[in-house]
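So you can see what is in the structure, the chains are spelled out below.
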Amino acid sequence: MCKDIQPLTSPRVVKELMARYGVNFKKSLGQNFLIDRNILMKIIQAAELDRQDVVLEIGAGIGTLTRELANAAKLVVAIEIDKRLFPILNETLAGCSNVELIQGDVLKLDVKQLVQKYFGQRPFKVVGNLPYYITTPVLMMFLESNLPFEAMVVMVQKEVAQRMTAVAGTKDYGMLSIAVQYYTCPEIVAVASANVFIPPPKVDSAIVLLRKRPNPPVHVQDPTVFFKVVKAAFGQRRKTVLNALTALEMEGVDKQKLQDMLKKCNIDPKMRGEDLAIQQYADMANALCLESQ
Ligand code: SAM
């Protein structure tokens, strides 16, 4: 257990700490710190932690979430980019003997090596009140890696959460929906207004739980081809699927081949990428793989 200190969800305490260490909030790093205990506990509950769990936290800030994670889990490895926050973290995490702080950019660090060093082969959970400016790259990095994470609980911009969980035929449906749903089962756990942060951002947020799937929901012969097809189809949203797929750079795949492939998959070439379900993307990718064999 971490030592009892003044609650970090108190705006007065946060301001006092920042002032005492002469640190200002850096907007460019997405520094909006959580000041709502209810939302904080919702993140902890969504992570379903027990004393055996090991957690990778992204963006420790002044340690608000880190402390609660440390009180619920076996080990917390917390990454924070901003060196200026480390003297504060040393104070707020004093006595949290199960926290390892890592200074660095989560997108540049060798996360595989970090995970191997601290967790070995153990499945771990990723938790973070993510800086908005890197939400998608961070999510994609974990999704596309072979890292043995079992779940992610992330606070993201509400619109991004809606895109992650969107289904075909809706305006929010896109590449992110497919990538997230291919690897995980996403669920919006709670929506949080901007005033749960100091300073408040311009947008609302949502907590999303992503449970890693043991297997993708559709059979895909070659994930690289599958994601190429998805990327091409959403690359030019207003085009029909046939025209959008002409951007695919696959040897021997011309417009006629694409027409034949769509026919074989029972897909109307006039449909748009946003109308096609994940299964239809899998059908197209698998048909193209067969073509190129
Ligand atoms: N966890 C704290 C909380 O809930 O109050 C802070 C969350 S704040 C939204 C995001 C944190 O991520 C900031 O402390 C910021 O400095 C840090 N951060 C921003 N970019 C980062 C990066 N590329 N790698 C690691 N941390 C980053």
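As the structure is a computational prediction, the values presented were derived from the model and not from experiment.

## Structural notes on the overall build of the protein
- Regarding its fold elements, the protein presents 12 helices and nine strands.
- Across its three principal directions, the C-alpha atoms of the protein cover 70 × 40 × 30 Å.
- Here the protein displays about 13900 Å² of accessible surface, and carbon together with sulfur accounts for 51% of that area.
- Taken together, the 36 basic and 30 acidic charged side chains of the protein have centroids lying 3 Å from each other.

## Remarks on the state of the cysteines
- On inspection of all chains with the given rule, the structure shows one disulfide.
- The disulfide partner of C2 is C96, and the gap between their sulfur atoms is 2.1 Å. Here the S-S torsion is close to 130 degrees, and the disulfide linking C2 with C96 is therefore right-handed. Here C2, found in the segment before α1 (11-20), pairs with C96, found in the loop between α4 (86-92) and β4 (99-103); they are 94 residues apart in sequence, far enough to count as distant.

## What to know about the pattern of salt bridges
- What the rule picks out here adds up to nine salt bridges.
- The closest approach of N and O atoms between R20 and E16, which form a salt bridge, is 2.6 Å. In this pair, R20 and E16 are both assigned in helix α1, four residues apart and thus about one turn of the helix distant.
- Across the pair R20 and E91 runs a salt bridge, and its minimum N-O distance is 2.8 Å. Taken together, the residues span a long stretch of sequence, with R20 in helix α1 and E91 in helix α4 at a distance of 71 residues.
- One salt-bridge network, in which partners are shared between bridges, spans E16, R20 and E91.

## Some points on the environment of Y183
- Structurally, Y183 can be placed in helix α8 (residues 175-183).
- Aside from chain neighbours lying at most four places away, what touches Y183 is L143, E144, R211, K212, R213 and F227.

## Some points on the nonpolar core
- Membership of the largest hydrophobic core comes to 69 residues, with the highest contact counts inside it found for F124, F142, F226, L245, Y281 and M284.
- Not counting residues up to four positions away in its chain, the partners in contact with F226 are I178, Y182, V220, I278, Y281, A282 and A285.
- Counting 33 residues, the second-largest nonpolar core is a separate cluster that includes L49, L65, V76 and A190.

## A look at unusual backbone geometry
- In this structure, the amide linkage connecting I198 to the following residue, P199, adopts the cis form with an omega of -15 degrees.
- Relative to the assigned elements, P199 resides in the loop between β8 (197-198) and β9 (205-212).
- At E48, a residue that is not glycine, the phi angle is positive and equals roughly 45 degrees.
- Residue placement: E48 occurs in the loop between α2 (37-46) and β2 (54-58).
- Although it is not a glycine, N266 sits at a positive phi angle of roughly 60 degrees.
- Residue placement: N266 occurs in the loop between α11 (255-264) and α12 (278-291).

So, how was this worked out
- Residues numbered from 1 in each chain as written.
- Predicted model: local features only at pLDDT ≥ 70, side-chain atom pairs only at ≥ 80, totals over all residues.
- Heavy atoms only, no water.
- Helix = DSSP H or I, 4+ residues; strand = E, 2+ residues; numbered from the N terminus.
- Areas by Shrake-Rupley, 256 points an atom, 1.4 Å probe, with all protein chains shown as cover.
- Lys, Arg positive; Asp, Glu negative; His and termini not counted.
- Charge placed at Lys NZ, Arg CZ, Asp CG, Glu CD.
- Disulfide = S-S within 2.5 Å.
- Salt bridge = Lys/Arg side-chain N within 4 Å of Asp/Glu carboxyl O.
- Contact = heavy atoms within 4.5 Å.
- Core = buried A, V, L, I, M, F, W, Y, C linked by side-chain atoms within 4.5 Å.
- Buried < 20%, exposed > 50% of the residue type's maximum accessible area, 1.4 Å probe, protein only.

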